[in-house]
Amino acid sequence: MMNRNWLRTVAITGSATAVLFGCQSQNEDQQDTAGNETGDLSVVTSFLPMYEFTKEIAGDRADVQLLVSEGQDAHHFEPSAQDVATVSEADVFVYSSEEMEFWVESLFNSIENDSLVIARAADGVEGFSHDHGEHDHDNHEHEHLDSLHIHGVSDHYHTGGNLELTAELGEDVDYDHWHWYQRTDENAEWQAISGQSTDNLSMEVPEESFEVQAILYDNNHEIYAESDAVEIVVDNHEQSDQEHGDDHEHGDRDHGGEAAINVNGVADHYHTGDVVSLVAETEEDIDFNHWHWFMRADENQEWEAVSGQESNRFEYKTTGESFELKAELYNDDHEVYAESAPISILIDDHESADPHIWLDPVLAQDQVAIIRDVLIEADPDGKETYEENAEAFINELKSLDEDYQSTLADAENRTFVVQHQAFGYLANRYNLEQIAVGGLSTEVEPSPSRIAEIGELVKENDVPVIYFQQGANSSIAQTVATETNTETAPLYDLEVLTDELKEKELSYIAAMRENLESLQLSVN
């Protein structure tokens, strides 16, 4: 197991255009003009901007790979066993920050490569300094180890049922950075459980027994406390059921028809004041339409009905606290016919740091400098190549910044409205104001009341354009545009390698220039 002292991470504060549609590993060794073999240095990057920046600096001297590949979301990503193996075999790993790629800690806990050099590209950016202290998931040398316990474990579970656990620390602390891990047995590696970032674990019970563990991290994302491994026994009584013909109903209620309910439109996180807009759907056509929605703070609280939510559509303005939600469908006798699994609504106001630093062309230069210095650390013989390539790309970024400055300098209307609050750094750099239409989903068409609310915002701010993220549902965007008498346009946050980016063959520089052109529709 790798010793997580952040290895030989270089954190030096430092003072292009790769094609996104070509984000593939360069597997074949290449030769430079002098006939020397290149591509010997193996570099794995986390998500799209880190790949582009690294490829620009490395050129043909390194084999640069993209971990979060086409169509994957860097927020939702969870490293697979193959991903762990890929990073374990690399010389360098490049990522931005834990605030963006929150899964890197579980990755570092799993890889076996004591010589891996890590580039944390956010180092050197104000508000993103990182303490690269000793950190080893397997040493269990944490002062508060014995004070973290898991509650709510039953003697056994059934496949398809819901597992609800709570981690409790024996002291009051201000940390709330939780992760949950699972493994098949003590001989297997721990794997992070996707979507579980609070002290409450809620997941569907799998087919086989397994172990689970909770870990609490401090503000430097170092382990503050971890629980012992807890065994989750899965026993479906298969033999007994066959012999006795038992029909077990697992869960809190007998739901009769047992139609499955899916809830669409859940975002990875929301901000205080956002409107959560969801739609519940059954997998079969039924005549019942008696819906109710329930919420609770966590699994230790009782479910409470949400007033005024009596259709399959849920709309709720957040108040600043995360919560759980579920939908229930009743039959004509007002008995529960079906219910959804609990859904976590995560509120994250980025109080520690906004992770979208690569959207600021000036801060992007700092990230390039960090990556350059780490590549030199890993491959000193390539110093001249890395420095020349980095200087050329930084000059492109400086030119991009100058274009933004000159284009936006005299704009009288400096407000723009976005679907998701991702452009704060860009707005601050060029003295603009970003207004987010919080919670506007690309999966769920907004209700008439929600459109009316957006219409008031449009009128109040004299908004000509509402910006959607790349890959947004165009039909929903058009609905909003038609009903609010506005136009719609994309802004690229570059978090995901989308079909649109590939089809248009857009690089980072090209996408940022399209953003500038698009912003001029509002900012003028």
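Going by the structure above, here's the rest.
Everything in this summary refers to the structure shown in the same document. (Residues numbered from 1 in each chain as written. Predicted model: local features only at pLDDT ≥ 70, side-chain atom pairs only at ≥ 80, totals over all residues. Heavy atoms only, no water.)

1. Focus: the nonpolar core
Right, on to step 1. Core analysis: the largest hydrophobic core is formed by 76 residues, its most contacted members being Phe53, Phe93, Leu375, Tyr404, Phe416 and Tyr508.
Right, on to step 2. Among the elements that take part in this core, helix H6 (residues 383–408) stands out by supplying 8 residues, more than any other.
Right, on to step 3. Not counting residues up to four positions away in its chain, the partners in contact with Leu375 are Leu41, Val43, Thr54, Ile57, Ala58, Val92 and Tyr386.
Right, on to step 4. Trp180, Val205, Phe210 and Val230 belong to the second largest nonpolar core, which has 22 residues in total. (Core = buried A, V, L, I, M, F, W, Y, C linked by side-chain atoms within 4.5 Å. Buried < 20%, exposed > 50% of the residue type's maximum accessible area, 1.4 Å probe, protein only. Helix = DSSP H or I, 4+ residues; strand = E, 2+ residues; numbered from the N terminus. Contact = heavy atoms within 4.5 Å.)

2. With respect to the pairing of strand S4 (residues 62–66)
Right, on to step 1. In terms of burial, S4 is a largely internal element, 4 of the 5 residues being buried.
Right, on to step 2. Sheet topology note: the strand S3 (residues 41–45)/S4 ladder contains 5 bridges and is parallel. What sits directly across from Val43, in S4, is Val64. (Pairing = 2+ DSSP bridges.)

3. Regarding the packing of aromatic side chains
Right, on to step 1. Evaluated as defined, the whole model comprises 14 aromatic pairs.
Right, on to step 2. Judged by centre distance (6.3 Å) and plane angle (75°), the ring pair of Phe416 and Tyr467 falls under edge-to-face. With Phe416 in strand S23 (residues 415–418) and Tyr467 in strand S25 (residues 465–469), this pair connects stretches of sequence that are 51 residues apart. Accessibility assignment for this pair places Phe416 and Tyr467 in one class, buried.
Right, on to step 3. For Lys326, the ring lying beneath its charged end belongs to Phe294, and the centroid distance is 5.9 Å. (Phe/Tyr/Trp six-rings, centres within 6.5 Å; stacked < 30°, edge-to-face > 60°. Lys NZ or Arg CZ within 6 Å of the ring centre and 35° of its normal.)

4. Some thoughts on empty space enclosed by the protein
Right, on to step 1. When its volume is computed, the largest cavity comes out at roughly 40 Å³.
Right, on to step 2. Around the largest cavity, the lining residues are Glu78, Pro79, Val84, Ser106, Leu107, Ser110, Trp190, Gln191 and Ala192.
Right, on to step 3. Of all elements in the fold, only helix H3 (104–108) and strand S10 (191–192) reach the threshold of two or more residues within the lining of the largest cavity.
Right, on to step 4. Tallied by class, residues from the lining of the largest cavity come to 5 nonpolar, 3 polar and 1 charged. (1 Å grid on protein atoms, 1.4 Å probe; cavity = no way out; pocket = protein on both sides within 12 Å on 5 of 7 lines; lining within 4 Å. Points joined across faces, edges and corners; volume = space filled by probe spheres on them. Nonpolar A, V, L, I, M, F, W, Y, C, P; charged D, E, K, R; others polar.)

5. What to know about the pattern of salt bridges
Right, on to step 1. A full pass over the atoms with the stated rule returns 16 salt bridges.
Right, on to step 2. Residue Arg183 pairs with Glu211 through a salt bridge whose shortest N-O separation is 2.6 Å. Note that Arg183 is positioned in strand S9 (residues 177–183) and Glu211 in strand S12 (residues 210–217), a separation of 28 residues in sequence.
Right, on to step 3. For Arg183, a relative accessible area of 16% puts it in the buried group.
Right, on to step 4. Using a relative accessible area of 17% as the deciding quantity, one classes Glu211 as buried. (Salt bridge = Lys/Arg side-chain N within 4 Å of Asp/Glu carboxyl O.)

6. Description of the sheet that holds S23
Right, on to step 1. On the basis of which strands lie adjacent, the open sheet formed by 4 strands has the order S24-S23-S25-S26 and parallel pairing. One side of each edge strand has no neighbouring strand; the edge strands of this open sheet are strand S24 (433–436) and strand S26 (487–491). Mean inter-strand twist for the sheet, computed between neighbouring axes without regard to direction, equals 35°.
Right, on to step 2. Strand direction decides the pairing type here: S23 and S25, joined by 2 bridges, are parallel. Looking at the pairing, Val417 lines up with Ile466 of S25.
Right, on to step 3. In the packing of helix H11 (residues 508–519) onto the sheet, contacts are made with S23, S25 and S26, and the angle to S26 comes to roughly 155°. (Axes fitted to C-alpha atoms, helices over the stretch in contact; angles between N-to-C directions.)

7. Points about the side chain of Thr166
Right, on to step 1. Position of Thr166 among the secondary structure elements: in strand S8 (residues 162–169).
Right, on to step 2. By relative accessible area, which is 9% here, Thr166 ends up buried.
Right, on to step 3. Among the polar contacts listed, one links the side chain of Thr166 to the side chain of Asn200, at a separation of 3.1 Å.
Right, on to step 4. Those residues in contact with Thr166, other than ones at most four positions away along the chain, are His149, Ile150, His151, Trp180, Asp199, Asn200, Glu299 and Asn300. (Polar contact = N/O pair within 3.5 Å; in protein donor to acceptor, adjacent residues only side chain to side chain.)

8. Re the packing of helix H1 (residues 48–58) against H6
Right, on to step 1. The contact between H1 and H6 brings their axes to 7 Å, and the two run at 125°. Accordingly, the angle class assigned to the pair H1 and H6 is oblique. Each of Phe53, Glu56, Ile57 and Ala58 in H1 lies in contact with H6, whose residues at this interface are Thr385, Tyr386, Asn389, Ala390 and Phe393.
Right, on to step 2. Partitioned by chemical class, the residues of the contact of H1 with H6 number 6 nonpolar, 2 polar and 1 charged. (Parallel < 35°, antiparallel > 145°, perpendicular 65-115°, else oblique.)

9. Focus: the sheet that holds strand S11 (residues 200–204)
Right, on to step 1. Across the sheet, 3 strands lie side by side as S7-S8-S11; this open sheet has antiparallel pairing. One side of each edge strand has no neighbouring strand; the edge strands of this open sheet are strand S7 (148–151) and S11. When the angles between neighbouring strand axes are averaged without regard to direction, this sheet yields 20°.
Right, on to step 2. In this structure, S7 lies alongside S8, joined through 4 bridges in antiparallel fashion. Across the sheet, the residue bridging to His151 is Thr166, located in S8.

10. Side note on unusual backbone geometry
What is expected of a backbone is that most residues other than glycine have negative phi and most peptide bonds are trans.
Right, on to step 1. In the Ramachandran plot, Asp462 falls in the positive-phi region, its phi being about 50° despite a non-glycine side chain.
Right, on to step 2. With respect to the element layout, Asp462 can be found in the loop between helix H8 (448–461) and S25.
Right, on to step 3. With a relative accessible area of 62%, Asp462 lands in the exposed category.
Right, on to step 4. For Leu494, which is not a glycine, the phi torsion comes out positive at approximately 65°.
Right, on to step 5. With respect to the helices and strands, Leu494 occurs in the loop between S26 and helix H10 (499–504).

11. Quick notes on helix H5 (residues 361–378)
Right, on to step 1. With 18 residues, H5 should cover 26 Å at 1.5 Å per step; its first-to-last C-alpha distance of 26 Å lies within 8% of that length.
Right, on to step 2. For H5, a buried count of 15 out of 18 residues is recorded, marking the element as mostly surrounded by other parts of the structure.
Right, on to step 3. Of the residues flanking the start of H5, the one acting as N-cap is Asp360, its side-chain oxygen 2.8 Å from the backbone nitrogen of Val362. (Expected span 1.5 Å × (residues − 1).)

12. A short note on H8
Right, on to step 1. Taking 1.5 Å of rise per residue, the 14 residues of H8 would be expected to cover 20 Å, and the 20 Å separating its terminal C-alpha atoms lies within 8% of that figure.
Right, on to step 2. Those residues of H8 that sit buried are Arg450, Ile451, Ile454 and Val458. Taken around the axis of H8, the buried residues stretch over an arc of 100°, which confines them to a single face. Residues of H8 that are exposed and point more than 90 degrees away from the buried face comprise Pro448, Glu456, Lys459 and Glu460.
Right, on to step 3. Where H8 ends, the next residue or the one after it, Asp462, has phi of about 50°, a positive value. (Arc of directions from axis to C-beta.)

13. Quick word on the environment of His269
Right, on to step 1. Examined against the element boundaries, His269 turns out to sit in the loop between strand S15 (261–264) and strand S16 (275–282).
Right, on to step 2. Residue classification places His269 among the buried positions, given a relative accessible area of 8%.
Right, on to step 3. For His269 and Ser344, which are 75 residues apart along the polypeptide, the C-alpha to C-alpha distance reads 9.2 Å.

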